[in-house]
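Chain residues, written in single-letter form:
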Amino acid sequence: MAKVVPFNGLRYNTEMFSNLDSVTAPPYDIISPAEQDALYEKSEYNIVRVDFAKEQDGDNEENNKYTRAGAEFASWIEKGVLKREEKPAFYIYEQVFQYNATPISLKGIISAVKIEEFENKVVLPHEETLSKAKTDRFNLMSTTDANMSQIYSLFLDEDSSVEALINLYSKGEPDVSFVADGIKQNIWIITDEEKTAKITEKFAGKQLFIADGHHRYETALRFRNAKREENPDVVDAPYDYVMMMLTSMNDPGLLVFPTHRMIRNLPDFDEAVLVGYLTEDFTVSKVHLTEGDYSDIITNRISSVADDKCFALYTGKDYYYRFELKNKNAIDNYITDKSQAYKNLDVTLLHTLVLERFLGIDQNNMANQKNLSYTRDAKEAIEKVQSGEYQCSFLINATNVSDIKEISLANEKMPQKSTYFWPKLVTGIVINKF
């Protein structure tokens, strides 16, 4: 099962940076161009300059954003901007925030995890990936020899023994603490050999479920294989491991948000025709909206349905349609080679019974986002339709963590953008340099 070990992380020199908010960043794949500019302005040493460097006119094979990132990274190490931990360490990572006016804490352990092929069922995925993102991360790893950000993974902790150990080792004041995007980030650095050995032992029999970072894990696997070809006699090398943040599936701070679908540029989109077709498999309710925040009203109502196989269609008017699955066997006519857990997912039902069947948006179309875009923000899903930029939006409920576990154990992958874990882990807290 999982091999979870401490590692000599690279961290920002706290003697140079008293507040790490100036040098850390969100994950690269949620940073807009405007946010990228703002992070560049924050500090000449902000991690975004390496993890998500800018392209420049005249980029070529010898000089491009990846080669510049590698050179920048090396110079930071040489200057002492980044310092390597003297002893192998685990990093207990806590995020403290408020959600719906309730204070919440999410805790886990940043570790080095032995890379395993998915078929070994030690590290399990749950979501499909895109080749473009994997090429981008591979190019960066090739010039930096490092994991810049931690992959977010979950584990089962039925007896809460790992949780108890995490809380025991993080009783005192954190070694590092700062606020980023309104969320407090606390780090405890665990180097005591007896403690690190106990943590490794606790994970020895566990499986790990990737929550966020599928592209980075598959890239790490490809990078490891390339290095093994170059060094066939080297055993248990640093590149055989990847940096992960490990959090219990039972952690009360674990939040999964839905990702809504927005539809555009369909040549013959007809609201009435679509709704008519869908009455075959769904109970359809037309609900009028009078005043208030449409996004809040719609998402609250679909999430309150007892049978959570429910989603909404908004077309820009003062009403929306609520669809509740009535034909429980409808999906069986289209998907025969997947588990029941996969077939019962809200996103599976929406993609298969609506987007593919009636709107002609197939898997390739989704992957290229030709007629489909994604947003976590329900308000954006409403406003983009009201503005005329999109023809309609489908608002859905969040995927349950238990569904993620079942899909992973069945060795299956959900459609893209099935989950959105929040808050996002901060990049730059610790770096895994091979």
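The following refers to the structure shown. Counting restarts for each chain: residues are numbered from 1 in the order of the written sequence. Only residues with pLDDT of at least 70 are given local features in this predicted model, and only at 80 or more are side-chain atom pairs given and counted; all residues enter the totals for whole chains, interfaces and linings. As a rule here, side-chain values come from all non-hydrogen atoms in the structure, and water together with hydrogens is ignored.

Brief notes about the environment of isoleucine 92
Turning to step 1, where the next piece is worked out: For isoleucine 92, the location among the structural elements is in strand β4 (residues 90-99).
Turning to step 2, where the next piece is worked out: Looking at isoleucine 92, the relative accessible area reads 0%, which means it is buried.
Turning to step 3, where the next piece is worked out: For the pair isoleucine 92 and glycine 108, spaced 16 residues apart in sequence, the C-alpha to C-alpha distance is 5.7 Å.
Turning to step 4, where the next piece is worked out: Leave out the neighbours within four places in its chain, and isoleucine 92 touches Gly108, Ile109, Ile166, Tyr169, Ser170, Asn186, Ile187, Trp188 and Ile190. Helix numbering and strand numbering both begin at the N terminus, where a helix is a DSSP run of H or I of at least 4 residues and a strand a DSSP run of E of at least 2. Under the scheme applied here, a residue whose accessible area is under 20% of the maximum for its type counts as buried, over 50% as exposed, and between as partly exposed, the area being computed with a 1.4 Å probe on protein chains only. In what follows, residue pairs with any heavy atoms lying within 4.5 Å of each other are defined as contacts.

Considerations on the packing of helix α4 (residues 131-144) against helix α7 (residues 214-230)
What describes two packed helices is the angle between their axes and the distance between those same axes.
Turning to step 1, where the next piece is worked out: Axes here mean lines fitted to C-alpha atoms, for a helix over just the part in contact, with angles spanning 0 to 180 degrees between N-to-C directions. At a closest axis distance of 9 Å, the pairing of α4 and α7 adopts a crossing angle of 50°. Considering their axes alone, α4 and α7 lie oblique with respect to each other. As α4 runs across α7, the sense of the crossing is right-handed. Along the contact surface, α4 presents Ala133, Lys134, Thr135, Arg137, Phe138, Met141 and Ser142, while α7 presents His215, Arg216, Glu218, Thr219, Ala220, Arg222 and Phe223.
Turning to step 2, where the next piece is worked out: Each residue gets one label: Ala, Val, Leu, Ile, Met, Phe, Trp, Tyr, Cys and Pro are nonpolar, Asp, Glu, Lys and Arg are charged, and the others, such as Gly, are polar. Residues of the contact of α4 with α7, tallied by class, amount to five nonpolar, four polar and five charged. For this classification, under 35 degrees means roughly parallel, over 145 means roughly antiparallel, 65 to 115 means roughly perpendicular, and everything else is oblique. Two helices cross in a left-handed way if the nearer one is turned anticlockwise from the farther one by less than a right angle. They cross in a right-handed way if the turn is clockwise.

Re the nonpolar core
Turning to step 1, where the next piece is worked out: Of all hydrophobic cores here, the largest spans 96 residues; its most connected members are Tyr12, Ile110, Tyr152, Leu154, Val354, Leu355 and Phe394.
Turning to step 2, where the next piece is worked out: In terms of residues, this core owes the most to one element, helix α11 (residues 346-356), which gives six residues.
Turning to step 3, where the next piece is worked out: Residues contacting tyrosine 152, with those up to four places away along its chain left out, are Leu106, Phe209, Ile210, Ala211, Asp212, Met245, Thr247, Leu254, Phe421 and Leu425.
Turning to step 4, where the next piece is worked out: Think of a nonpolar core as a cluster: buried Ala, Val, Leu, Ile, Met, Phe, Trp, Tyr and Cys residues, connected wherever their side-chain atoms sit within 4.5 Å. Among the nonpolar cores identified, the runner-up in size contains 28 residues, and Ile115, Tyr169, Ile190 and Ile199 belong to it.

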